Amino acid sequence: MKGLKLHKVELEKSFNPRSFEGRIYTQWQEQGAFKPKAGSGTPYVMVIPPPNVTGMLHLGHGLNISLQDILIRFHRMRGVPVLWVPGTDHAGIATQNVVEKQLKAQGKSRHDLDRDAFVQKTWEVKAAYHEIISRQITRMGASVDWSRERFTLDAGLSQAVREVFVSLYERDLLYKGNYLVNWCTSCGTALSDDEVEHEDLEGKLYHIRYPSGEAERGFIEVATTRPETMLGDTAVAVHPEDPRYQGLIGTSLLLPLTDRRIPVVADTYVDRAFGTGALKITPAHDPHDWEVAKRHKLPAISILNPDGRLNDQVPEPYRGLPVKAAREAVLRDLKAGGFLVTERVITHRVGHCYRCHTVIEPFLSEQWFVRMQPLAEKALAAWRRGELVFYPRKWENTYRHWLENIRDWCISRQLWWGHRIPAWYCPSCGTSIVAREDPSACPSCGDENLKQDPDVLDTWFSSWLWPFSTLGWPLAALDEADKTNDFHRFYPTSSLVTAYDIIFFWVSRMIMAGLEFTGTVPFRDIYIHGLLRDKQGRKMSKTLGNGLDPLELVDQFGADALKFTLAFLCAQGQDLLVDKESFKLGSKFANKIWNASRYILMNLENRILVEEPRLKPMDRWIYARLNRAAKTMTEAFLSYRFNDAATAAYDYFWNDFCDWYVEATKLSLHTGEDAEKDRAATVLLEVLAESLRLLHPLLPFITEAIYEYIPHTQGMLITSPYPVYAEDRNAPDTEQNIALLQELVRMVRTLRSECTIPREKKIPVVVRLSSSGASGCFLKENMELMQLLAGIGDLTMEEPGPALTRPSGAIGLVGSGFEAFVYVAEAVDREVLKRTFTKDLAKDRAFIAGLQAKLANDHFLKNAPPDLVKGEQGKLADALQRTEKLVSYMRDLFEDIPQPTPAEEPLP
């Protein structure tokens, strides 16, 4: 590009992301920038955690998608093939609930439609929501490969689900039976343990007398929080060594409100010290009672219908009552019969459905289960071998604990929307058939009237296959000859980015599935980010009304502001506290990038690009700073420290590039000869271009929009190389010299601000160097630059020598290797400044007195959090330093200011 004549380029005066974000995203897609390029190198692959296809994405999705996009863009710019697979989850319970609510509003239920009609209506809802979700992902700037988008109910994933189900059955890792499950009476389905959310609620503990079947033996008193379940009791258990009940073990009790007798059994599970030491056993409605019943061969009486109403196993007066009404009726009758002893208010943990928040009922039901322990052992072994790394590492303890205490997974759901279980039953001979293809007849008796299992699989049963099913497994895995297909090329994936609330639901299960069906972990790195909370630390929710819509934020601030702000606030291992105002951070930074670039591009008219321009000290300095930022950001991206990367980007561009380098180039661009202007413009453009590449993963739209106007660049920024740290770019001596110059400039700037000296007023300064070394020479060689940056008029540099006497009207400053006298008297109204300083000094001293009193208070020191005490100590140190400086200024500037008395001395 040597000799290229440049023209003035005018970006829009005001930063307006709406004017270019849509256009640029379309360009990226049209040029295939999101597809993995052919080439060597280990691919970097991620699969998006599939959002539920039930509604609008919330800000939590915005965080997750933003962090993934940052990583994808960074690795794409490193030159390796990159694939980010998008997709959505059919979300069985959640999506079915949406459709059932729509039907309910019409006065209907799903049972008013046949199954096929209901499923078809659900597909229509899916299509509408999918369009919304895709538009949201696009608006947030996610560089996913849309040509590879998947859905957990599409044909390929459905085939993978069936293959896994049948394989588990063949490996004896799948079974069906009557077991106690978590039952949501509202959704009408079983839930796995991990789908039950527990919370502490106020309730009551009731003490009830169960009379002995032999009047002379009295009664046993039991306690329960669910008195209605006593109608399903089949025993009372006591500890075999409890002396209180030795004479009752083996006898029977009369179950109140019924005509049944139940035995007293001895079991070591009972805690003698808890309550009365007697435990009512309701096997069909309590998991612990279920285990006791198995040991004693007790019957299990289920008292509930699937809709949560009491069934015909209970006495007639309670049949058909909902649980709450049944509880009230039972308590009324117990009290009337003299069986209710006491009741008291307690706080206890109550399980709720993770989707509709209905209280969960333990329920005896026939369900399908996966044997999890053999799978968990493989997942634990892989972690112990170092095949998995959690960021931050603390989540490894959560992973280990869950796998070491895993229970079998209930995978059947009593729904219509989802993967229907590939099991059939013969009505003639009772044969069960589990098959990869739909059977036409019973293999045992030939009956063709087979009935398919009506249930569907848990949503997570398709999600746990996501990393490999989305890449074509199982068919692609079988085709060993084709090493170019997605499964062979891109599996296992590289990283998983997700929130900590689904480690159990999803992350651990994906690892187990990957090891069981592909022989390898599905990813190595697992980055667990925090949850979004409001500024009060509360989780964002519809109930609290504190949620933020990511698209509203994009509309107001731009997609880059959303992404950068979230990255800046995303410290590893911590939740993010945000409100709408938080996103002004990213918006202001994007605006700074726009305005700086606009200024540079506007000053290019008639400049000619120079080949291999000579670098001046400030040029070498900015390349060294850029080099350091590239190293810091690369290391941060590779270790998932998003806030460190964002902070480094912000500090480099705003402070180093804009505040110092761009300002320094004005000396050459505005006052230099043409050759110097050409040289400076060339270097400035090269630094800007590389800076945009540095920032691109964090702010992709604005950097791409500006990059296309830089004359000597080729291609799109999205596929340009990321800056690479190079030792030969380091310039420690230059950085040391510039640091000295900056110190002097900052001190003069600060003094100007404190004395409220207008920017246009130039003030004389005399600088005496402490030594005649290289740094001193550097300052003397760059006097014009210091004058420009600090608003200095006459600048005198004096060689080392005896200490200078402070001139009248000047304030003295002492720095690292110099002392300076700044002549402020002629630039200010002395009397006004004196009153201002005096007022500020009095205010500061009052503030100091208050802080010292607080820090001398033993009660405060003992009871306040350490961080608060440390903060107050920091405030005191700052105030003391500020006061000392004000006193110094006043002594220097005002001759009538007497020497302070000890009482007026700045406090030590």
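Because the structure is predicted, anything quoted here is derived from the model rather than measured.

**Q** Describe the overall build of the protein chain, and please don't skip the residues or the numbers.
**A** Helix and strand counts for the protein chain come out as 27 helices and 29 strands. Taking the principal axes of its C-alpha atoms as reference, the protein chain extends roughly 110 × 75 × 55 Å. When each of the 908 residues of the protein chain is scored for burial, the buried share is 53%. Across the protein chain, the fraction of contacts at a sequence separation of at least 24, relative to all contacts at a separation of at least 6, is 77%. Of the accessible surface of the protein chain, which amounts to about 40,600 Å², a share of 49% is contributed by carbon and sulfur atoms. Here the protein chain contributes 108 positive and 119 negative side-chain charges, whose respective centroids are spaced 2 Å apart.

**Q** Break down unusual backbone geometry for me, citing the residues and quoting the values.
**A** Between Y391 and the following residue, P392, the backbone shows a cis peptide bond with an omega angle of -5°. Positionally, P392 belongs in the loop between β15 (389–391) and α9 (395–404). Going from Y491 to P492, the amide bond is cis rather than trans, its omega being 0°. For N606, which is not a glycine, the phi torsion comes out positive at approximately 70°. Among the secondary structure elements, N606 is positioned in the loop between α17 (584–602) and α18 (617–638). A positive phi angle is found at E612, which is not glycine, with a value near 50°. Within the secondary structure, E612 sits in the loop between α17 and α18.

**Q** Hey, could you go over helix α5 (residues 155–170) for me, with residue numbers and the actual values?
**A** An ideal rise of 1.5 Å per residue puts 22 Å on 16 residues; α5 measures up with 23 Å between its terminal C-alpha atoms. Those residues of α5 that sit buried are L157, A160, V161, R162, V164, F165, V166, S167 and L168. The N-terminus of α5 is capped by D154, whose side-chain oxygen sits 3.2 Å from the backbone nitrogen of G156. Where α5 terminates, the next one or two residues include D172, which has phi positive at roughly 60°.

**Q** Report on the sheet that holds strand β26 (residues 763–769), specifying residues and quantitative values.
**A** Strand order in this open sheet of 4 strands is β27-β26-β29-β28, and the pairing throughout is mixed. Looking at the sheet topology across the chains shown, the edges are occupied by β27 (792–798) and β28 (810–815). Ignoring which end each strand starts from, the neighbouring axes of this sheet average 20° apart. As judged from the 5 bridges shared by β26 and strand β29 (residues 818–823), these two strands associate in the antiparallel manner. Residue pairing in the sheet places V767 in a bridge with A820 of β29.

**Q** Break down the pattern of salt bridges for me, with residues and values.
**A** A complete count under the given rule lists 54 salt bridges for this structure. Linking R384 and E404 is a salt bridge whose minimum nitrogen-to-oxygen distance equals 3.1 Å. Taken together, the residues span a long stretch of sequence, with R384 in helix α8 (residues 373–384) and E404 in helix α9 at a distance of 20 residues. Note on R384: relative accessible area 53%, which makes it exposed. With a relative accessible area of 41%, E404 lands in the partly exposed category. In this structure, the salt-bridge partner of K875 is E872, at a minimum N-O distance of 3.0 Å.

**Q** Just give me the short version of a positive patch on the surface, but keep the residues and values in it.
**A** Residues R746, R749, R759 and K762 make up a contiguous surface patch of positive charge. Classification of R759 by relative accessible area gives exposed; the value is 76%.

**Q** Could you give an account of the packing of aromatic side chains, with specific residues and numbers?
**A** All told, the structure shown has 45 aromatic pairs when counted by the stated rule. The interplanar angle of 70° and the centroid separation of 6.4 Å between the aromatic rings of W383 and Y399 together place this pair among those described as edge-to-face. One end of the pair, W383, is in helix α8; the other, Y399, is in helix α9, with 16 residues separating them in the sequence. Of the two residues, W383 and Y399, neither departs from the other in class, the shared state being buried. Directly above the ring of Y725 sits K631, whose terminal nitrogen or CZ lies 4.8 Å from the centroid.

**Q** I'd love a proper account of the pairing of strand β1 (residues 44–47), names of residues and values included.
**A** Both faces of β1 are covered, namely the face carrying Y44 and M46 and the face carrying V45 and V47. Bridge analysis of β1 against strand β2 (residues 82–85) gives 4 bridges, and the strand direction is parallel. Residue pairing for β2: Y44 is matched across the bridge by V82.

**Q** Please give an account of the confidence of the model for the protein chain that cites residues and values.
**A** Across the protein chain, the average pLDDT comes to 90, with 97% of residues at or above 70. Throughout residues 899–908 the model reports pLDDT below 50, and contacts reaching past four residues in sequence, or to other chains, amount to 15 contacts.

**Q** I'd like a description of the nonpolar core, backed by residues and values.
**A** Within the largest apolar cluster, 153 residues are counted, with the highest numbers of intra-cluster contacts made by L59, F653, F657 and L698. Considering every element that reaches this core, the biggest residue donor is helix α19 (residues 642–671), with 15 residues.

**Q** Break down the packing of helix α15 (residues 550–557) against helix α16 (residues 559–569) for me, with residues and values.
**A** One can describe the packing of α15 onto α16 by two numbers: an axis separation of 6 Å at closest approach and a directional angle of 115°. Taken together, the axes of α15 and α16 are roughly perpendicular relative to one another. Counting all contacts with α15, which are made through P550, L553, V554 and F557, the residues of α16 involved are A559, A561 and L562. Of the residues in the contact of α15 with α16, the class split is 7 nonpolar, no polar and no charged.

**Q** Hey, could you go over the environment of I360 for me, with residue numbers and the actual values?
**A** Tracing the sequence through the fold places I360 in the loop between β13 (340–353) and β14 (361–370). Residues contacting I360, with those up to four places away along its chain left out, are N182, W183, C184, L191, V196, G351, H352 and C353.

**Q** Go over the environment of V196 with me, naming the residues and quoting the values.
**A** Along the polypeptide, V196 turns up in strand β7 (residues 196–211). In this structure V196 touches N182, G351, H352 and I360, once residues within four positions along its chain are discounted.

Basis of the calculations
- Residues numbered from 1 in each chain as written.
- Predicted model: local features only at pLDDT ≥ 70, side-chain atom pairs only at ≥ 80, totals over all residues.
- Heavy atoms only, no water.
- Helix = DSSP H or I, 4+ residues; strand = E, 2+ residues; numbered from the N terminus.
- Buried < 20%, exposed > 50% of the residue type's maximum accessible area, 1.4 Å probe, protein only.
- Contact = heavy atoms within 4.5 Å.
- Areas by Shrake-Rupley, 256 points an atom, 1.4 Å probe, with all protein chains shown as cover.
- Lys, Arg positive; Asp, Glu negative; His and termini not counted.
- Charge placed at Lys NZ, Arg CZ, Asp CG, Glu CD.
- Expected span 1.5 Å × (residues − 1).
- Polar contact = N/O pair within 3.5 Å; in protein donor to acceptor, adjacent residues only side chain to side chain.
- Pairing = 2+ DSSP bridges.
- Axes fitted to C-alpha atoms, helices over the stretch in contact; angles between N-to-C directions.
- Salt bridge = Lys/Arg side-chain N within 4 Å of Asp/Glu carboxyl O.
- Patch = residues over 30% accessible without salt bridge, like charges linked within 9 Å, V, L, I, M, F, W, Y side chains within 5 Å.
- Phe/Tyr/Trp six-rings, centres within 6.5 Å; stacked < 30°, edge-to-face > 60°.
- Lys NZ or Arg CZ within 6 Å of the ring centre and 35° of its normal.
- pLDDT = per-residue confidence, 0-100.
- Core = buried A, V, L, I, M, F, W, Y, C linked by side-chain atoms within 4.5 Å.
- Parallel < 35°, antiparallel > 145°, perpendicular 65-115°, else oblique.
- Nonpolar A, V, L, I, M, F, W, Y, C, P; charged D, E, K, R; others polar.

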